[in-house]
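Here is how the chains run, residue by residue.
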Amino acid sequence: MKIYFVRHGETDWNKERKIQGQVDIPLNEFGRHLARETAKGLRDVPFDVCFTSPLGRARETAQIILQGRDVPILEDKRILEMNFGVLEGKCCSKEGWDVPDSFQMFFDDPVHYQAPEGGEDFQAVRERTGDFLNWLFAQEQYRDSTVLVTTHGAAMAGLLNNLKKKPLAEYWGVGVHKNCGVTEVEVTDGRIDIISENKVYYTDVVKPW
């Protein structure tokens, strides 16, 4: 099985550094452009199936990448973005910081980060993304397939934390992936090889988190 994990394209809330979580914010025009460039980069990859977060920004990213192909796109809630509860819609940029000071632990200390009211902690996201991976690897019908997975920044980090079998303290790995960053993974008889991580197929400058 070969899997291409892709973070969704840019949204206006990404640009404004607002906490999106599970609010269904659509791609903006630049985000669609990034997805189209990614589609060009992946045009020769023979995808058999796609799993996407149900949120529109992830699903539209998948649709743009797969435009013109007869590839089923299946929604799976286990790869939804992290839920930030009452903090969704707040700004977390240094210039417009609109959240409690303790939210800094989201970036710096995943182990001690406390989920806001109605939200999730890192362990919860790691568990559900891990459940998705375990399920996918067990599907005999996809054993020799090439799979596209479109998801989100924190969920992507959770998927990779599981794949790398790293402790929760190393949840972020190389950091938040770029919009439309692509990670290629090969799974053979239970062995997991990360071929490339956070690769982009566009030349545009995207400000990192």
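Quick caveat: nothing in here was measured; it's all calculated off a predicted structure.

(A) Structural context of the pattern of salt bridges. Per the stated rule, a full pass over the model turns up 13 salt bridges. One network of salt bridges, in which partners are shared, links Glu29, Arg32 and Glu60.

(B) Representation of the nonpolar core. Formed by 18 residues in total, the largest nonpolar core has its most connected members in Ile3, Phe5, Phe51, Phe132 and Val149. When residues of this core are traced back to their parent elements, those giving at least two are strand 1 (2-7), strand 2 (49-52), helix 5 (122-137), strand 4 (146-151), helix 6 (153-164) and strand 5 (182-188). Ranked by residue count, the leading element in this core is helix 6, at 4 residues. Not counting chain neighbours up to four residues away, the residues in contact with Phe51 comprise Leu74, Ile79, Phe132, Trp135, Leu136, Tyr142, Val147, Leu148, Val149 and Thr150.

(C) Structural view of unusual backbone geometry. Positive phi, normally seen in glycine, also occurs at Arg17, with a value near 60 degrees. With respect to the secondary-structure elements, Arg17 resides in the loop between helix 1 (12-15) and helix 2 (29-41). The exposure class of Arg17 is buried, given its relative accessible area of 12%. The backbone of Asp189 shows a phi angle near 50 degrees, a positive value even though the residue is not glycine. Of note, Asp189 is situated in the loop between strand 5 and strand 6 (191-199). A residue is classified by how much of its surface remains accessible, and Asp189, at 67% relative accessible area, is exposed.

Reading guide: rules and limits
Residues numbered from 1 in each chain as written. Predicted model: local features only at pLDDT ≥ 70, side-chain atom pairs only at ≥ 80, totals over all residues. Heavy atoms only, no water. Salt bridge = Lys/Arg side-chain N within 4 Å of Asp/Glu carboxyl O. Core = buried A, V, L, I, M, F, W, Y, C linked by side-chain atoms within 4.5 Å. Buried < 20%, exposed > 50% of the residue type's maximum accessible area, 1.4 Å probe, protein only. Helix = DSSP H or I, 4+ residues; strand = E, 2+ residues; numbered from the N terminus. Contact = heavy atoms within 4.5 Å.

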